[in-house]
Amino acid sequence: HFWLKLGESEFILRILPLIFGIFCIPAGYFLGKEFKNEKTGFFLSLFISLSPPLILWSQLVKSYTFFTFLTILSFYFFLKILNNQNKKNSLIFVFSNTLILYTHNLGFIVVLIQFITLLILKKLNKKFINAFLAIFLLYIPWLSRLPYQILFTLGVRRPIPLILRFPYTIFYFF
């Protein structure tokens, strides 16, 4: 928690999620542009900037906006590697996916989706296998902490009452 060295005021703690929430907007533009064209990039960045969960997450002292930014960055470099595989793009891809895994345990879903996409497109080559192997090797140190985290999380689960689930979903996604 290096950020606490800058101070513990509410402003200091909330500024980092805000910064990453703002960074998601141009990152979304570049992802959409790489995926299809500038128009797609514009609409993706517009969607990101108006997304209620991202606006909320940019105000919370949590790592959700950092996770979202890393996911966008990861998919951007995933597409870059699919189009033109070079060492710089591969290194950033490995770095962003490793950070995703360290940021949140559900980050494995991002990596798994990318791996399955390569299998479906039949583009899983030696360079991608090496990249995923590097991600796994860089994640090994954290695997010793994973059982503790899972047990801790299971102990503090607070299910949402049935009557609040629908309004909660509507609030979050619309």
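The rules behind the values
Residues numbered from 1 in each chain as written. Predicted model: local features only at pLDDT ≥ 70, side-chain atom pairs only at ≥ 80, totals over all residues. Heavy atoms only, no water. Helix = DSSP H or I, 4+ residues; strand = E, 2+ residues; numbered from the N terminus. Buried < 20%, exposed > 50% of the residue type's maximum accessible area, 1.4 Å probe, protein only. Polar contact = N/O pair within 3.5 Å; in protein donor to acceptor, adjacent residues only side chain to side chain. Axes fitted to C-alpha atoms, helices over the stretch in contact; angles between N-to-C directions. Left-handed = near helix turned anticlockwise from the far one by under 90°. Contact = heavy atoms within 4.5 Å. Nonpolar A, V, L, I, M, F, W, Y, C, P; charged D, E, K, R; others polar. Phe/Tyr/Trp six-rings, centres within 6.5 Å; stacked < 30°, edge-to-face > 60°. Core = buried A, V, L, I, M, F, W, Y, C linked by side-chain atoms within 4.5 Å.

S.K.: Describe the environment of His104, with residues and values.
M.R.: Structurally, His104 is set in the loop between α5 (87-103) and α6 (107-121). Judged by relative accessible area, His104 falls into the partly exposed class, the value being 29%. In the structure, His104 is positioned 38 residues away from Phe66 in sequence and 9.8 Å away in space, judged by C-alpha atoms. Here the side chain of His104 touches Leu106 through a polar contact of 3.1 Å, landing on its backbone nitrogen.

S.K.: Can you explain the packing of α5 against helix α7 (residues 126-143)? Please cite residues and give values.
M.R.: Axis separation between α5 and α7 bottoms out at 9 Å; the angle between their running directions is 35°. Crossing hand, α5 versus α7: right-handed. Contact residues: α5 offers Phe93, Val94, Asn97, Thr98, Leu101 and Tyr102, while α7 offers Ala131, Phe132, Ala134, Ile135, Leu138, Tyr139, Pro141 and Trp142. Residue classes in the contact of α5 with α7 are distributed as 12 nonpolar, two polar and no charged.

S.K.: Tell me what's going on with the environment of Leu50, and back it up with residues and numbers.
M.R.: Among the secondary structure elements, Leu50 is positioned in helix α2 (residues 38-50). When the C-alpha atoms of Leu50 and Ile25 are compared, they prove to be 9.7 Å apart, with 25 residues separating the residues in sequence.

S.K.: Describe the packing of aromatic side chains, and please don't skip the residues or the numbers.
M.R.: Per the counting criterion, the structure on display carries 17 aromatic pairs. Between Phe115 and Phe132 the ring centres are 5.4 Å apart and the planes differ by 85°, which places this aromatic pair in the edge-to-face class. Note that Phe115 is positioned in helix α6 and Phe132 in helix α7, a separation of 17 residues in sequence. Members of the aromatic cluster, joined through ring pairs, are Phe75, Phe78, Phe93, Phe115, Phe128 and Phe132.

S.K.: Any chance you could break down the nonpolar core for me, citing the residues and the numbers?
M.R.: Among soluble globular proteins, nonpolar side chains are generally buried collectively. Membership of the largest hydrophobic core comes to 24 residues, with the highest contact counts inside it found for Ile72, Phe93, Phe128, Phe132 and Ile135. Those elements that place two or more of their residues in this core are α1 (10-35), α4 (64-83), α5, α6 and α7. At seven residues, α4 tops the list of elements feeding residues into this core. When near neighbours in sequence (up to four residues on either side) are disregarded, Phe132 contacts Phe93, Val111, Gln114, Phe115 and Leu118.

None of the figures reported here should be taken as evidence of function without further support.
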